Amino acid sequence: MSKSMRQWSQYYPNAMNSALPDELNEQYWLQSDVQQVLSGIQQPGDELEIYLKKGVRVLDFGCGRGDLAAYILNKEAAYTGADIHKGALDFLQTRYPVAGTVLLKSGEPLSFSSDSFDVVLVSFVLVSIISDEMVHQTVKELIRVVKTGGVIWVTEAGPSPDYQSEYIDGEQLLGKKMIAVSYNERKEIKRFIRHYSSEELETLFAPLKVISKRVVVHPSPSSGKNVHTNICVFKK
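Note on numbering: residues in each chain are counted from 1, in written sequence order. Only residues with pLDDT of at least 70 are given local features in this predicted model, and only at 80 or more are side-chain atom pairs given and counted; all residues enter the totals for whole chains, interfaces and linings. Excluded from the side-chain calculation are hydrogens and water; included are all heavy atoms of the structure.

Structural notes on the environment of Arg194
Link 1 in the chain: Put simply, DSSP H or I for four residues or longer makes a helix, DSSP E for two residues or longer makes a strand, and each gets a number counted from the N terminus. Relative to the elements of secondary structure, Arg194 occurs in strand β7 (residues 189-194).
Link 2 in the chain: The residues contacting Arg194, other than those within four sequence positions of it, are Leu126, Val127, Ile129, Ile130, Ser131, Asp132, Val135, Ala157, Lys176, Met178 and Ile179. Note on definitions: a residue-residue contact is assigned when non-hydrogen atoms from the two residues lie within 4.5 Å.

Written out as structure tokens, the structure reads:
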């Protein structure tokens, strides 16, 4: 066990039962430069084409700097980006003045009315949420704001052989599988990254119907390791 892992275990016992990992992740993103706040690592494919029509309302939850905005706006859809990083939202609105933006507050319900959006995009957002309770609260809110007949497009990192050593660290620290530990140059814990199997995503978004799913393998922009990304579309 590394020095940073021993320190974590010493000062934050039973960390999985607290908000500490989520607070660490939130601070990591809030302190990140705008160029690091990526969201469109995977662009939507044919699975969304029939839903992206002129005038449909689209929520990009955890939009970052708006990497998916151009794709949505080119379909003449009404795009709203939501994120906790104000700098990223400012960057998005400068690039795309017609885009709507909403600053999110961690742990609070979404400010939108129920059944507000035809399409909700969730791209590499749940990977940063470690608390089971917070994951379920987030998914519940996403299901609430999508219209009946609407869809939620989810892309999240899945289990990858390239992350086995990081998974071992995560299980030792937090007592939970498929959570990778990311370190900085000083070998201090930088953040936690949670990976989801497609079966886990289907369980999370039940009772929504799975209408499409596929897996894409690609290198991580930060680590270069292969990420197995699950892309699922759920219909309400």
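As for the pairing of strand β3 (residues 100-103)
Link 1 in the chain: The criterion for strand pairing is that DSSP finds at least two bridges linking the strands in question. In this structure, strand β2 (residues 78-83) lies alongside β3, joined through four bridges in parallel fashion. Paired with Gly81 across the bridge in β3 is Thr101.
Link 2 in the chain: Throughout, right-handed denotes a crossover for which the path from the first strand over the helix to the second runs clockwise when the strands point away from the viewer. With respect to chirality, the unit in which β2 leads through helix α5 (residues 86-95) into the neighbouring parallel β3 is right-handed.

Describing the packing of aromatic side chains
Link 1 in the chain: Any two of the Phe, Tyr and Trp rings considered here, Trp counted by its six-membered ring, make a pair once their centres fall within 6.5 Å; the pair's planes then place it as stacked at under 30 degrees, edge-to-face at over 60, or tilted in between. Counted according to the given criterion, the structure contains three aromatic pairs.
Link 2 in the chain: By definition here, charges over rings are those cases where NZ of Lys or CZ of Arg is within 6 Å of the ring centre and within 35 degrees of the ring normal. One residue, Arg57, lies across the ring of Phe117, its end atom 4.6 Å from the ring centre.
Link 3 in the chain: Taking NZ or CZ as reference, Lys225 lies 5.5 Å from the ring centre of Tyr163, over its face.

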